[in-house]
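# Structure assessment
These are the residues of each chain, in order.
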Amino acid sequence: MTTPDGRDPHTPRYTNYRFGQSPEPAPEPPAVLAIPHPAPLTPRGILITCPSCGAERDWLLIQVGPQVFVRCRCTMEWLEHDLDAEEAAQARQPGPETEWASMEEMYRGLGFDGILAHAYFG
Ligand SMILES: [Zn+2]
């Protein structure tokens with residue numbers, strides 16, 4: 001398996017190699033986890049709606065460390081303080097995971113780049 005840019009994800013990346021020095025593994029980028037969430041979200045019993053288009057379901061949860069962002073099909077995205085990483089992790093579906101080279105590619109691949117604004121699935 002390789003990442004979209006052709007890298008083996010299990011091989012550490014090396015940077016700044018200088019003669020006579022051992023290469024140091026590059027620091028890992030912060031893990032970003034994107035979790036599609038087709039159902040409505042009601043953290044603390046309050047239904048989340050998109051402040052831009054009024055959508056009430058079909059979210060992409062973007063977990064960055066302890067923070068969870070909610071992204072709408074219309075590309076509106078916000079930090080959702082009522083959701084924590086644990087709740088986001090519970091929404092993960094079993095199945096193959098995809099690695100994306102960039103956030104933009106991930107949004108396109110998952111249909112959250114605005115092209116499906118106002119489109120509900122399911
Ligand atoms: Zn929206």
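A short tour of the structure in this document, coming up. These numbers come from a predicted model, not from an experiment.

## Describing the side chain of Glu80
Structurally, Glu80 can be placed in the loop between β6 (77-79) and α1 (85-90). Comment: no salt bridge for buried Glu80; closest opposite-charge side chain is Arg44, at 7.0 Å. Residues contacting Glu80, with those up to four places away along its chain left out, are Ile48, Val68, Phe69 and Val70.

## A look at the coordination of the zinc ion
With distances of 2.3 Å, the protein atoms coordinating the zinc ion are Cys50 (SG), Cys53 (SG), Cys72 (SG) and Cys74 (SG). Each of the four donor atoms around the zinc ion contributes to a set of angles spanning 104 to 114 degrees, which defines the coordination as tetrahedral. In the primary sequence, the donor residues of the zinc ion line up as C-x2-C-x18-C-x1-C. In this pair, Cys53 is assigned in the loop between β3 (32-37) and β4 (59-64) and Cys74 in the loop between β5 (67-71) and β6, connecting sequence segments 21 residues apart. The exposure class assigned to Cys53 is partly exposed, which follows from its relative accessible area of 26%.

Here is what the cut-offs are and how they apply
Throughout, residues of each chain are indexed from 1 in the direction in which the sequence is written. Owing to the predicted nature of the model, reporting of local features is limited to residues with pLDDT of at least 70; listing and counting of side-chain atom pairs is limited to 80 or more, with chain, interface and lining totals taken over all residues. Side-chain metrics rest on all non-hydrogen atoms present in the structure, leaving aside hydrogens and water. Here a strand is any run of E in DSSP of at least two residues, a helix any run of H or I of at least four, and the numbering for each starts at the N terminus. Relative accessibility decides the category of a residue: with a 1.4 Å probe and only protein chains considered, values under 20% of the type maximum give buried, values over 50% give exposed, and everything between is partly exposed. The charge count includes Lys and Arg as positive and Asp and Glu as negative, but it does not include His or the ends of the chains. Any carboxyl oxygen of Asp or Glu that lies within 4 Å of a side-chain nitrogen of Lys or Arg is treated as forming a salt bridge with it. Two residues qualify as a contact provided that any one of their heavy atoms is within 4.5 Å of a heavy atom in the partner residue. Here a donor is an N, O or S atom found within 2.8 Å of the metal, or within 3.2 Å if the metal is Na, K or Ca; sites may look incomplete because water is not among the atoms. Each label reflects the angles at the metal, where four donors whose angles all fall between 85 and 135 degrees are tetrahedral, four or six donors whose opposite pairs open beyond 155 degrees and whose other angles stay between 65 and 115 are square planar or octahedral respectively, and the rest are irregular.

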